[in-house]
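Secondary and tertiary structure notes
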Amino acid sequence: MAGVPRRGAGDSLAGFRRGAGDGEASAARVPQGLIRAARKSGQLNLSGRELTEVPLHVWRINMDTPEEAHQNLSFGGDDRWWEQTDLTKLNLSSNKLTCLSGDITFLPALTVLDVHDNQLTCLPSAIGSLENLQKLNVSHNKLKDIPGELIHLKHLKTLFLEHNELSHLPDEFGQLVSLEELDVSNNHIASIPVSFSSLTSLVRLNLASNQLKNLPIEISIMKSLRQLDCTKNYLETVPHELASMASLEQLYLRRNKLHYLPNLPSCKLLKELHVGENQIEELTADHLKHLNSLCVLELRDNKLKSLPDEITLLQGLERLDLSNNDISRLPYKLGNLPQLKFLALEGNPLRTIRRDVLQKGTQEILKYLRSKIQDDDEISSNGELPVTAMTLPSQSKINLHAITALKTLDYSEKQATVIPEDVFNAVGHNPVTTVNFSRNHLTEIPERIVALKESLCDINFGFNKISSVSLELCMLHRLTHLDFRNNTLTSLPDEMETLARLQIINLAFNRFKVFPDVLYHIPTLETIILANNQVGSLDPLQIKKMDRLGTLDLQNNDLLQVPPELGNCINLRTLLLEGNPFRTPRAAILAKGTAAVLEYLRSRIPT
């Protein structure tokens, strides 16, 4: 063997044996077969092995002489260890590592390092010596700081730092000039370094779930940026300079404090605009006229009262979400949008479209709107609008027309702490199918509601201060739609099980900490909206029994895990789980839609 070249003879071999002794438990979880294979392939996957430290012989894989070299003196073509490949990819994810050794410098050829889902509190400064590194994933750890040496990684293209405890980013961050993808979501970052303007190669930037109150105008210099995610921050405005980002294709501004939609005249390539859960009150022609490429417009949970006719300028629009606004009337020409496949309208006080039409889905709604275009033109010509259920009376009067002609009892937006007796007296013997008592200051359900039980199908108690559901409500056996969003409910009574026709219940923005058990026992339910509560778990076996349930919205709750058995609930057409603290499914899977999420969950069911 004297003529055989050896890497790092002598002391390095001692280092190999010494490493095995230092961390016997961790070393035992790294089979020699994996090490041998890694020497040939240049790739080593040690994911999910409960490692508390990385054995020294892993760091020294390209330096130490393998033990088999001393045990076998005749080598076949596959055993020539001296022709080994330098390690280029190392996966240490989903372990129990609290730190990484400075010995990482022994792996200078690394192009990919994945240490996500560990318990790392810091990174070694030695990481700056990995000059060939192109992808670094340190997400889902406990990092509070980033070592300054990180900026020396001049070839780094992808950096994942999401779900850590970072409060700031280094001022020199802009020196990572090769960076194409950066994810710093779910941290505590309050400001973005001005040096970000130097990240001109950046294509995707995720700043979601931080503490940003504004965006620096320098962000607009990122001329390659195609995807910008600023979801769940504290943004009240968006810099005008953002409008000059000509490459931008996807913009996420959900769950901020925006009062108006930004004008984006130069964003000709913008395909998706997500601005749900803000405080936007108006949508104008100026907002829409430049967005010729827009395919997705998400405006749910805002304060929009109307939709401009210019919505028809968006000829490529495929998805339009207007859920949970204050829209009472839609422009009939909306029906002419040729590509529109999904239109969400639930949670609006629409009374110009019959409930049975709304229930039939997007295509039937569009068909209905098209059928009304001629009528709409006639109305526009004489300047008169038809009387609808949303023709609000003065404070002292009750809309008798709505009661008699439309079977609707409307006493909304009155700031009332109780519903006056005169309101119920006005009903007389008229059958009422719809009650709207939303946007008042009610603390309890009016007792006289039970007098409407023979005809009442639809109740809206949204935006009140109701803390409990009375038994009177449980007597409304014809009820199909029930809206309690934005109240202070923590539970539902078991007696609600008697609501044998209930199809849709909206409990968003309440204070539920557990999934209301009674809902499992209402088999007619088709839609359950429990978004923005504090629900920590649900029973997938009970959900599976609800064979009519098509929509389950659990966004922004406290789910730490999603039970894999939920994947068996194949009747679910819409499952919304974004904004929960669970680690899996990852955001990339959630973004693919309900079918992909259910398929992923089924794949995780233990066999």
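Residues numbered from 1 in each chain as written. Predicted model: local features only at pLDDT ≥ 70, side-chain atom pairs only at ≥ 80, totals over all residues. Heavy atoms only, no water.

Some thoughts on the overall build of the chain
The following threshold applies: Think of it this way: any DSSP run of H or I at least four residues long counts as a helix, any run of E at least two long counts as a strand, and we number them from the N terminus. Note on exposure labels: buried denotes an accessible area under 20% of the residue type's maximum, exposed denotes more than 50%, and partly exposed covers the range between, all computed with a 1.4 Å probe on protein chains only. The protein chains shown are the only cover counted for residues, whose accessible areas, like all others here, come from Shrake-Rupley with a 1.4 Å probe.
Regarding its fold elements, the chain presents 14 helices and 21 strands. Here the chain, with 607 residues, has 50% of them falling under the buried criterion. Of the roughly 27,300 Å² that the chain leaves accessible, carbon and sulfur atoms contribute 48%.

Digging into the environment of valine 177
Cut-off, in case you're wondering: By definition in these notes, contact holds between two residues if any of their heavy atoms fall within 4.5 Å.
Assignment of secondary structure puts valine 177 in the loop between strand 5 (158-160) and strand 6 (181-183). Put simply, valine 177 and leucine 153 are 24 residues apart on the chain and 9.2 Å apart in space, counted from C-alpha to C-alpha. The residues contacting valine 177, other than those within four sequence positions of it, are Ser198 and Ser201.

Concerning the packing of aromatic side chains
Keep this limit in mind: Aromatic rings from Phe, Tyr and Trp, taking only the six-membered ring of Trp, are treated as a pair when their centres fall within 6.5 Å; an angle between ring planes under 30 degrees marks them as stacked, one over 60 as edge-to-face, and anything in between as tilted. Should the NZ of a Lys or the CZ of an Arg lie within 6 Å of a ring centre and within 35 degrees of the ring normal, that charge is described as sitting over the ring.
For the structure on display, the rule yields five aromatic pairs. Here phenylalanine 515 and tyrosine 520 contribute two aromatic rings whose centre-to-centre distance is 4.8 Å and whose plane-to-plane angle is 15°, an arrangement assigned as stacked. Pair check on accessibility: phenylalanine 515 and tyrosine 520 agree, each one buried. Taken together, the aromatic side chains of Phe424, Phe437, Phe461 and Phe484 make up a single cluster linked through ring pairs. In this arrangement the basic side chain of arginine 439 is found over the ring face of phenylalanine 463, its NZ or CZ atom lying 3.8 Å from the centre.

Some points on helix 8 (residues 362-371)
Where we set the bar: The arc under discussion is defined with respect to the helix axis, by the directions toward the C-beta atoms.
Three or more residues of helix 8 are buried, namely Thr362, Ile365, Leu366, Tyr368 and Leu369. One face of helix 8 carries all of its buried residues, which in axial projection span an arc of 160°.

A closer look at the pattern of salt bridges
Pairing of side chains with opposite charge becomes possible as their charged atoms draw close. Note the cut-off: Should a side-chain nitrogen of Lys or Arg be within 4 Å of a carboxyl oxygen of Asp or Glu, the pair is scored as a salt bridge.
Considering all chains together, one arrives at 14 salt bridges under this definition. With its nearest N and O atoms 2.7 Å apart, the salt bridge here joins lysine 144 to glutamate 165. Pair noted here: lysine 144 is in the loop between strand 4 (135-137) and strand 5 and glutamate 165 is in the loop between strand 5 and strand 6, with a separation of 21 residues, a long-range link. With relative accessibility at 48%, the residue lysine 144 sits in the partly exposed group. A relative accessible area of 29% places glutamate 165 in the partly exposed class. Across the salt bridge formed by glutamate 277 and arginine 255, the nearest N and O atoms sit 3.6 Å from each other. Separated by 22 residues along the polypeptide, glutamate 277 in the loop between strand 10 (272-274) and helix 6 (285-288) and arginine 255 in the loop between strand 9 (250-252) and strand 10 bring together distant segments of the chain. In terms of burial, glutamate 277 and arginine 255 fall into one category: buried.

A word on the confidence of the model for the chain
Formally: Values of pLDDT, which run from 0 to 100, indicate the predictor's confidence residue by residue.
When pLDDT is averaged along the chain, the result is 86; 88% of the residues meet or exceed 70. Across residues 1-22, where pLDDT falls below 50, the model places 37 contacts with residues more than four positions away in sequence or in other chains. Confidence drops under pLDDT 50 across residues 376-396; counting only partners more than four residues distant or on other chains, this segment forms 33 contacts.

Some words on the sheet that holds strand 15 (residues 434-436)
So the rule is basically this: Strand pairing follows a simple DSSP-based rule, namely that at least 2 bridges must link the two strands. Here an axis means a line fitted to C-alpha atoms, over the contact stretch when the element is a helix, while the angle between two N-to-C directions is reported on a 0 to 180 degree scale.
Within the open sheet, the eight strands sit side by side as 14-15-16-17-18-19-20-21. Their pairing is parallel. One side of each edge strand has no neighbouring strand; the edge strands of this open sheet are strand 14 (408-410) and strand 21 (574-576). Each neighbouring strand pair of the sheet contributes to a mean axis angle of 5°, computed without reference to strand direction. As judged from the three bridges shared by strand 20 (residues 551-553) and strand 21, these two strands associate in the parallel manner. Note that in strand 21 the partner of threonine 551 across the bridge is threonine 574.

Side note on helix 14 (residues 594-603)
When helix 14 is considered as a whole, its buried residues turn out to be Thr594, Val597, Leu598, Tyr600 and Leu601. In a view along the axis of helix 14, the buried residues occupy a sector of 160°, so they form one face of it. Along helix 14, exposed side chains directed more than 90 degrees from the buried face belong to Ala595, Glu599 and Ser603. Looking at the packing, one finds that the buried side of helix 14 touches strand 21 and helix 13 (587-590).

With respect to the environment of isoleucine 449
Within the secondary structure, isoleucine 449 sits in the loop between strand 15 and strand 16 (458-460). Relative accessible area serves as the criterion here: at 0%, isoleucine 449 is assigned to the buried category. The spatial distance from the C-alpha of isoleucine 449 to the C-alpha of leucine 476 is 8.5 Å, given a sequence separation of 27 residues. Every residue in contact with isoleucine 449, bar those within four places of it in the chain, is listed here: Phe424, Val435, Phe437, Leu456, Ile459, Phe461, Glu472 and Leu476.

Some thoughts on unusual backbone geometry
A cis amide bond, omega 5°, links threonine 584 with the succeeding residue proline 585. Counting through the fold element by element, proline 585 comes out in the loop between strand 21 and helix 13. Residue glutamate 50 is not a glycine yet carries a positive backbone phi of 55°. Located in the positive-phi region is aspartate 301, a residue other than glycine, with phi close to 55°.

Notes on the side chain of aspartate 326
Locating aspartate 326 in the fold gives a position in the loop between strand 12 (319-321) and strand 13 (342-344). Given a relative accessible area of 15%, aspartate 326 falls into the buried group. The contact partners of aspartate 326, leaving out residues within four places of it in the chain, are Lys303, Leu304, Lys305, Asn348, Pro349 and Arg439.

Topic: the side chain of asparagine 487
Our working rule: Under the rule applied, a polar contact is a pair of N or O atoms within 3.5 Å (in protein, one hydrogen donor and one hydrogen acceptor; residues adjacent in sequence only if both atoms are side-chain atoms).
With respect to the helices and strands, the residue asparagine 487 is situated in the loop between strand 17 (481-483) and strand 18 (504-506). Side-chain polar atoms of asparagine 487 contact the backbone oxygen of phenylalanine 484, separated by 3.0 Å.

Details of the environment of serine 201
Tracing the backbone shows serine 201 in the loop between strand 6 and strand 7 (204-206). By relative accessible area, serine 201 is classed as partly exposed at 30%. The sequence separation of serine 201 and serine 224 amounts to 23 residues, and the corresponding C-alpha distance is 5.8 Å. For serine 201, the contacting residues outside a window of four places in its chain are Val177, Ser178, Leu179, Glu180 and Ser224. Engagement of the side chain of serine 201 in a polar contact is seen with the backbone oxygen of valine 177, the distance being 3.3 Å.

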